[in-house]
Amino acid sequence: GEMNMALAQEITEFVGTGRGNSIGIVIANVDPQLRELMGIDPKFRSIGIFGGRTGAGPQIYAADEAVKASNTEIVKIELPRDTEGGAGHGSLIIFGAEEVSDARRAVQVSLEDLERTFGDVYTNTAGHVEFQYTARASEALNKAFDAPVGKSFGITVGAPAAIGVIMADVAVKAATVDVVCYSSPSEGTSFTNESILGFSGDSGAVRQSIIAAREVGMKLLTSLGNKPESVTKPYI
Amino acid sequence: GEMNMALAQEITEFVGTGRGNSIGIVIANVDPQLRELMGIDPKFRSIGIFGGRTGAGPQIYAADEAVKASNTEIVKIELPRDTEGGAGHGSLIIFGAEEVSDARRAVQVSLEDLERTFGDVYTNTAGHVEFQYTARASEALNKAFDAPVGKSFGITVGAPAAIGVIMADVAVKAATVDVVCYSSPSEGTSFTNESILGFSGDSGAVRQSIIAAREVGMKLLTSLGNKPESVTKPYI
Amino acid sequence: GEMNMALAQEITEFVGTGRGNSIGIVIANVDPQLRELMGIDPKFRSIGIFGGRTGAGPQIYAADEAVKASNTEIVKIELPRDTEGGAGHGSLIIFGAEEVSDARRAVQVSLEDLERTFGDVYTNTAGHVEFQYTARASEALNKAFDAPVGKSFGITVGAPAAIGVIMADVAVKAATVDVVCYSSPSEGTSFTNESILGFSGDSGAVRQSIIAAREVGMKLLTSLGNKPESVTKPYI
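This is a predicted model, so every value here is computed, not measured.

1. Looking at the packing of helix 3 (residues 57-68) of chain B against helix 4 (residues 100-117) of chain B
Residue and element names in this part refer to chain B. One way to put it is that helix 3 packs onto helix 4 with a least axis distance of 8 Å and a crossing angle of 130 degrees. What the angle tells us is that helix 3 and helix 4 run oblique. The chirality of how helix 3 crosses helix 4 is right-handed. Contact residues: helix 3 offers Pro58, Gln59, Tyr61, Ala62, Ala63, Glu65 and Ala66, while helix 4 offers Ala106, Val109, Ser110, Asp113, Leu114, Arg116 and Thr117. By residue class, the composition of the contact of helix 3 with helix 4 is 8 nonpolar, 3 polar and 3 charged.

What follows is the structure, encoded as structure tokens:
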């Protein structure tokens, strides 16, 4: 809005905000001392900083689109234990670029894509289930989940974690997919109360697995509370 | 209730729900890809999944009774950092079984026992103190706390962690018990704001230690907020 | 208040309470079994226990003053993932002493100093920014952040972590300071949604860096919510 435009004029590093208490910022010339402590390759003069209090899947899938649409690389993906009292993660994603305009573009695309990527996040008073899908995985999904680049890749997330376990089993049985990763509270998450399955394969199969897991996951989550609602508008 | 019975007819894996936003689920034939990623022994065709947003001690002590009462083994106990904004853990417990009926039985016993095991969880606006006791520890307590199987075993938990430290000192001085484990925010917990003492010994001594720690812990927790209340009904 | 005085008469270990649901306790003679499990040097017969649900920086800087003002050493600083649903840490700090009166003094000084050290913690609905400063770092800051003892030392903390990254860059560019540490959600924090910079140097330079970072951090945090407010009264 207007307030953010005024802020962007005052602080040129500020790019904007998005769902999940997400914010986007750029640094044109990262201080060398800080760059070294952050472990960022000196070839990246500029960085884009993108992350929020609530959500990791939505931000990672948005960053994946941003990497495809900009001349940047993914430098870091860090996942705090957050969601503002909820069961999941927050996020901190760093894009590296040679030019600040590229970093800015990556952050802008990411922020704009959040409305879409929050679409298959369904929450209620007891927890959440989340689904993400892409026809073609790029560098962010590779870095976060070991997704094979260029192939279709989906995730199912269930919280409390018990729901995520059965969703994983439903997903992998629903179609011929290659399971790429499985995470749970003490392995591969930041002690979140989630179980996460990542899988690639034929685009239709990945979608079919997600849709099957979504049906079961939403019913199970309903047993603990009110009917889970999409945070924005489903896209899968 | 009725809604859960309808859900169980629709999704045969669903067993039920319990306190602490806990849920129980079974899988008759775990997918082999998923089983391998979860590190589950192939001898367990079926698994029982049991866990919640709030509580680890209550679920672990309930699962300990369930293991005694069913033909199952404890495969995993994972403790997310949760309690829905509180200071403690959530839980994800996996039972392994050869037959799904055994897994189901373990999950059912666990869910039903939660009313009892939440009895000595006392919460207020500032934190919680928790006490658990069994006359005879079994596999769940052994896996979670290294409790000697077959012996009486108790825990004291205080949050914020400072309260747990003094409770631990009071417990160990109140009777002749063998201290088995001590956990704190950066060691042995999932970065929860708790200090936990686990101890075994003569059944009367274990109870005496718990009762002494409970008296001090509840008074100290009261100094930070309202009078702590039992979540259900004390059993120790 | 009166209630706490009554409690202190009943439980002689109780010292008092402070901001952030903080509590202070002493143990005159730590049980040897517990001392060993906690990894506390036998030379410390007594310990002071100090920590809370909300805040790590305020408690660590307060403990740093307490160590200077008492005949104690810092035995442990542990940082749970807490802040009662917020983005940051809680705290558990253990002072070691030969005499319980020294432990008590350290805890008392710490509790009293919290009003000051919460002064540059600014919170809103979306997160927080925090600043701490000392003209002369002592043992607590050395243990927590590797701060050089005897030199001026400051920290900037931003949550969500994206805000902390730009604040770090602003701080290090604003004056000639030596960067001592940088922490982020997956390195050096307890999976909090914070980025933290610690720096030492000339007292004026450290303050200048903090003031520059504070100006930017507060504006960025405002873009996500209401105007951030000091928890008590700014001291820097």
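2. Focus on the relation of the copies chain A and chain C
In the superposition of chain A on chain C (RMSD 0.0 Å, axial shift 0.0 Å), the rotation amounts to 120 degrees. In the structure described here, the two chain copies are related by an operation that fits a three-fold rotation axis. Within chain A, Gly85(A) has its C-alpha nearest the rotation axis, a separation of 2.5 Å. Here only 8% of the interface residues in chain A have copies in chain C that are interface residues too; the copies meet through unlike faces.

3. Observations concerning unusual backbone geometry
For the bond running from Ala159(B) to Pro160(B), omega is 5 degrees, close enough to zero to count as cis. Tracing the backbone shows Pro160(B) in the loop between strand 8 (152-159) and helix 6 (161-174). For Glu84(A), which is not glycine, the phi dihedral falls at a positive 55 degrees. On the secondary structure map, Glu84(A) appears in the loop between strand 4 (73-78) and strand 5 (92-97). For Glu84(A), a relative accessible area of 33% corresponds to the partly exposed category. Residues other than glycine seldom take positive phi values, yet Asp146(C) does so here, at roughly 60 degrees. Summarising the element assignment, Asp146(C) is placed in the loop between helix 5 (139-145) and strand 8 (152-159).

4. A look at the interface of chain B and chain A
Between chain B and chain A, the contact holds 39 residues from the first and 37 residues from the second. When chain B packs against chain A, the two sides together hide about 2800 Å² of surface, and 66% of this comes from carbon and sulfur. In this structure, the connection of chain B to chain A is made through 3 salt bridges. Its salt-bridge partner being Asp82(B), residue Arg81(A) comes within 3.8 Å of it at the nearest N-O pair. Contributing elements (two or more residues each) for the side of chain B that touches chain A: helix 1 (2-10), strand 1 (14-18), strand 2 (22-27), helix 2 (32-38), strand 3 (46-52) and strand 4 (73-78) of chain B. Here the side of chain B that touches chain A takes 5 residues from strand 2 of chain B, the largest share from any one element. Here the residues of the side of chain B that touches chain A sort into 18 nonpolar, 12 polar and 9 charged.

5. Section: the relation of the copies chain B and chain A
What connects the two chain copies is a rotation about an axis and a shift along it. Each copy of the sequence occupies a distinct position, and chain B is placed on chain A by a rotation of 120 degrees and an axial shift of 0.0 Å, giving an RMSD of 0.0 Å. The share of interface residues of chain B whose copies in chain A are also at the interface is only 8%, consistent with the copies meeting through different surfaces.

6. Quick word on the sheet that holds strand 8 (residues 152-159) of chain A
Residues and elements named next belong to chain A. Strand order in the open sheet formed by 6 strands is 9-10-8-7-6-11, with antiparallel pairing between adjacent strands. Each having just a single partner strand, strand 9 (178-183) and strand 11 (229-230) make up the two edges of the open sheet. Running at roughly 15 degrees to strand 7 (residues 128-134), helix 3 (residues 57-68) makes contact with strand 6 (121-123), strand 7 and strand 8 of the sheet. Contacting strand 6, strand 7, strand 8 and strand 10 (195-201), helix 7 (residues 203-222) runs over the sheet at an angle of about 170 degrees to strand 7.

7. Describing the interface of chain A and chain C
At the junction of the two partners, chain A supplies 39 residues and chain C supplies 37 residues. Carbon and sulfur atoms supply 66% of the area that chain A and chain C bury against each other, a total of about 2800 Å² over both sides. The tally of links between chain A and chain C comes to 12 residue pairs in polar contact (both at pLDDT 80 or more). For the side of chain A that touches chain C, the secondary-structure elements that each account for two or more residues are helix 1 (2-10), strand 1 (14-18), strand 2 (22-27), helix 2 (32-38), strand 3 (46-52) and strand 4 of chain A. It is strand 2 of chain A that provides the largest number of residues to the side of chain A that touches chain C, a total of 5 residues. For the side of chain A that touches chain C, the class distribution of residues is 18 nonpolar, 12 polar and 9 charged.

8. Examining the pattern of salt bridges
A complete count under the given rule lists 39 salt bridges over all chains for this structure. As a salt-bridge pair, Glu10(A) and Lys219(C) come within 2.3 Å of each other at their nearest N and O atoms. Note that Glu10(A) is positioned in helix 1 and Lys219(C) in helix 7 (residues 203-222), a pairing that runs across two chains. Among the salt bridges present, the one from Lys219(A) reaches Glu215(A), with a minimum N-O distance of 3.6 Å. In this pair, Lys219(A) and Glu215(A) are both assigned in helix 7, 4 residues apart and thus about one turn of the helix distant.

Cut-offs and rules
- Residues numbered from 1 in each chain as written.
- Chains lettered and ligands numbered in written order.
- Predicted model: local features only at pLDDT ≥ 70, side-chain atom pairs only at ≥ 80, totals over all residues.
- Heavy atoms only, no water.
- Axes fitted to C-alpha atoms, helices over the stretch in contact; angles between N-to-C directions.
- Helix = DSSP H or I, 4+ residues; strand = E, 2+ residues; numbered from the N terminus.
- Parallel < 35°, antiparallel > 145°, perpendicular 65-115°, else oblique.
- Left-handed = near helix turned anticlockwise from the far one by under 90°.
- Contact = heavy atoms within 4.5 Å.
- Nonpolar A, V, L, I, M, F, W, Y, C, P; charged D, E, K, R; others polar.
- Least-squares fit on C-alpha atoms with pLDDT ≥ 70 in both.
- Buried < 20%, exposed > 50% of the residue type's maximum accessible area, 1.4 Å probe, protein only.
- Buried area = accessible area lost by both parts, 1.4 Å probe.
- Salt bridge = Lys/Arg side-chain N within 4 Å of Asp/Glu carboxyl O.
- Pairing = 2+ DSSP bridges.
- Polar contact = N/O pair within 3.5 Å; in protein donor to acceptor, adjacent residues only side chain to side chain.

Treat this as a map of the structure, not an account of what it does.
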